[in-house]
Number of protein chains: 2
Amino acid sequence: MEKTIITISREFGSGGRTIGRMIADKLGIPFYDKELVDQIAVESGFAPKYVEEHGEHSPSGSLFAYAFTPQGVPGVMNGLSTADFLWNIQCRVILQLAEKGPCVIVGRNADYILKDHPEALHVFVFADIPYRAERIVRRYGESEKAPEQRLAEKDKRRRVNYQHYTGRTWGQAQNYDICLDTGVLGIEQCADIVVGIVEKSREGK
Amino acid sequence: MEKTIITISREFGSGGRTIGRMIADKLGIPFYDKELVDQIAVESGFAPKYVEEHGEHSPSGSLFAYAFTPQGVPGVMNGLSTADFLWNIQCRVILQLAEKGPCVIVGRNADYILKDHPEALHVFVFADIPYRAERIVRRYGESEKAPEQRLAEKDKRRRVNYQHYTGRTWGQAQNYDICLDTGVLGIEQCADIVVGIVEKSREGK
């Protein structure tokens, strides 16, 4: 079966976004990361920054979230918590993007949302703490918190969000088609491996 | 860092042994599966069949195991349960094999035993139940039990054994350098991907 939709799930700082963009460029297909956030923002009425920060994080704010309504779309949340409302839109947008044609989608539990899509290839990338700590400081700069603490917090939020909405365990190999340690294999090689799989799937279609 | 020692951990029926042999053949290095069992048998005094059946299974028999002593080596178990005794020998044999030079080692928690070996590449292979069920019937024949039940039992035993001796979660992507779904990617392609990684690691050594 030809693989045309590539989902990239990733530990924070492991290079998932970079790999996603490389794969999209090499295959000449659209890359959805920031674009995905923007589209969810448009459909939900939330600010892109809000979607970016909450779309993959734990739904712990749900109890309070009923108090908020997205600007300009009063009443559309139908009694859902903000987190659940955002999740529903996210599912819809991701399914629509996959419908549009070949693409690379980074994050937002797209592996689960598209788990039954026959043309989807699900990739998980990760790396050990020292590699990711060095990388986030280099890419995103220093902050008040130690990089290890930033990683631990972000990892936990993604893990809880994933578990909550999918019922699956974050990082369990069987949820994906291929899992790659970017620290050991290098970002470029990881992208090449995925591109190779996609190209090979085209031969056998 | 050049990768010279390849460990293959695998779900029962996913083709780990076949992939391991393909990789060893393509790289021209020794392949340890049956040979590993035989060596553990020699060092432990247990029959190869006993080692094969118990070396990766849950240590549930431990309480009773004190009653048994391997033939010809009375007293060598030093008060360890059979399972712990076997585990110690397994660790020693695997460390010795890695010391001898490049090789492919299938199963027996070698990923954990060699987790700090800088030249080791740790691979996990898996596949969904229908793929593995079809495969075990084709390879090992029918039995009284349904193939799904045989898979569930074997998976559970390996999972419990791994958890017991390593403290880690079986199938968690972060325990390995690369995880591959043989049902989706095909056994030959999985072997080629691993061989490609090893060959690339040689360039940069």
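Note that the coordinates shown come from a computational prediction; the quantities given were computed from them, not determined experimentally. (Residues numbered from 1 in each chain as written. Chains lettered and ligands numbered in written order. Predicted model: local features only at pLDDT ≥ 70, side-chain atom pairs only at ≥ 80, totals over all residues. Heavy atoms only, no water.)

1. Describing the overall build of chain A
Part 1 of the argument: Helix and strand content of chain A: ten helices and five strands.
Part 2 of the argument: When burial is assessed residue by residue, chain A has 53% of its 205 residues classed as buried.
Part 3 of the argument: Considering only contacts within chain A whose residues lie at least 6 apart along the sequence, 73% involve residues at least 24 apart.
Part 4 of the argument: Of the accessible surface of chain A, which amounts to about 9400 Å², a share of 52% is contributed by carbon and sulfur atoms. (Helix = DSSP H or I, 4+ residues; strand = E, 2+ residues; numbered from the N terminus. Buried < 20%, exposed > 50% of the residue type's maximum accessible area, 1.4 Å probe, protein only. Contact = heavy atoms within 4.5 Å. Areas by Shrake-Rupley, 256 points an atom, 1.4 Å probe, with all protein chains shown as cover.)

2. Considerations on the interface of chain A and chain B
Part 1 of the argument: Facing the 24 residues of chain A at the interface are 24 residues of chain B.
Part 2 of the argument: Counting each side, the surface lost to burial between chain A and chain B is near 1700 Å², with a carbon and sulfur contribution of 60%.
Part 3 of the argument: For the chain A face of the interface with chain B, the top three residues by lost area are Gln174(A), Asp177(A) and Gln189(A), together amounting to 26%.
Part 4 of the argument: Our enumeration of links across chain A and chain B arrives at zero salt bridges. (Buried area = accessible area lost by both parts, 1.4 Å probe. Salt bridge = Lys/Arg side-chain N within 4 Å of Asp/Glu carboxyl O.)

3. Description of the environment of Phe31(B)
Residue and element names in this part refer to chain B.
Part 1 of the argument: Structurally, Phe31 can be placed in strand S2 (residues 31-32).
Part 2 of the argument: Take Phe31: its relative accessible area is 8%, and that puts it in the buried class.
Part 3 of the argument: The spacing of Phe31 and Cys103 is 72 residues in sequence and 5.8 Å in space, taken between C-alpha atoms.

4. Here's the deal with the relation of the copies chain A and chain B
Part 1 of the argument: Superposing chain A onto chain B requires a rotation of 180° together with a translation of 0.0 Å along the rotation axis, leaving an RMSD of 0.0 Å. The transformation relating the two chain copies, once decomposed into turn and shift, fits a two-fold axis.
Part 2 of the argument: A high fraction, 100%, of the interface residues of chain A reappear at the interface in chain B, so the copies pair face to face through one surface. (Least-squares fit on C-alpha atoms with pLDDT ≥ 70 in both.)

5. Some thoughts on the packing of helix H2 (residues 34-44) of chain A against helix H5 (residues 82-100) of chain A
Residue and element names in this part refer to chain A.
Part 1 of the argument: Between H2 and H5, whose axes approach to 9 Å, the crossing angle comes to 125°. With respect to their mutual orientation, H2 and H5 come out oblique. Regarding H2 and H5, the two cross each other, and that crossing is right-handed. Contacts between H2 and H5 involve Leu36, Gln39, Ile40, Glu43 and Ser44 from the former and Phe85, Leu86, Ile89, Gln90, Arg92, Val93, Ile94, Gln96 and Leu97 from the latter.
Part 2 of the argument: Looking at the contact of H2 with H5 residue by residue, the classes come out as eight nonpolar, four polar and two charged. (Axes fitted to C-alpha atoms, helices over the stretch in contact; angles between N-to-C directions. Parallel < 35°, antiparallel > 145°, perpendicular 65-115°, else oblique. Left-handed = near helix turned anticlockwise from the far one by under 90°. Nonpolar A, V, L, I, M, F, W, Y, C, P; charged D, E, K, R; others polar.)

6. Points about the packing of aromatic side chains
For any two aromatic rings, the description comes down to two numbers: the centre-to-centre distance and the angle of the planes.
All names here are of chain A.
Part 1 of the argument: Within the structure shown, the criterion is met by 13 aromatic pairs over all chains.
Part 2 of the argument: Note on Phe12 and Tyr140: the rings are 5.7 Å apart at their centroids and 15° apart in plane angle, and the pair reads as stacked. In this pair, Phe12 sits in the loop between strand S1 (5-10) and helix H1 (16-27) while Tyr140 sits in helix H7 (residues 129-140), placing the two residues 128 residues apart along the sequence.
Part 3 of the argument: On the basis of relative accessible area, Phe12 is assigned to the buried category, the value being 11%.
Part 4 of the argument: A ring pair is formed by Tyr162 and Trp170, whose centres lie 5.5 Å apart and whose planes are at 70°; its orientation type is edge-to-face. (Phe/Tyr/Trp six-rings, centres within 6.5 Å; stacked < 30°, edge-to-face > 60°.)

7. Remarks on helix H5 (residues 82-100) of chain B
All names here are of chain B.
Part 1 of the argument: End to end, H5 covers 27 Å across 19 residues, agreeing with the expected 27 Å (1.5 Å per residue, within 8%).
Part 2 of the argument: Considered for burial, the residues of H5 that qualify are Thr82, Phe85, Leu86, Trp87, Ile89, Gln90, Cys91, Val93, Ile94, Leu97 and Ala98.
Part 3 of the argument: Positive phi shows up at Gly101, right after H5, with a value of about 140°. (Expected span 1.5 Å × (residues − 1).)

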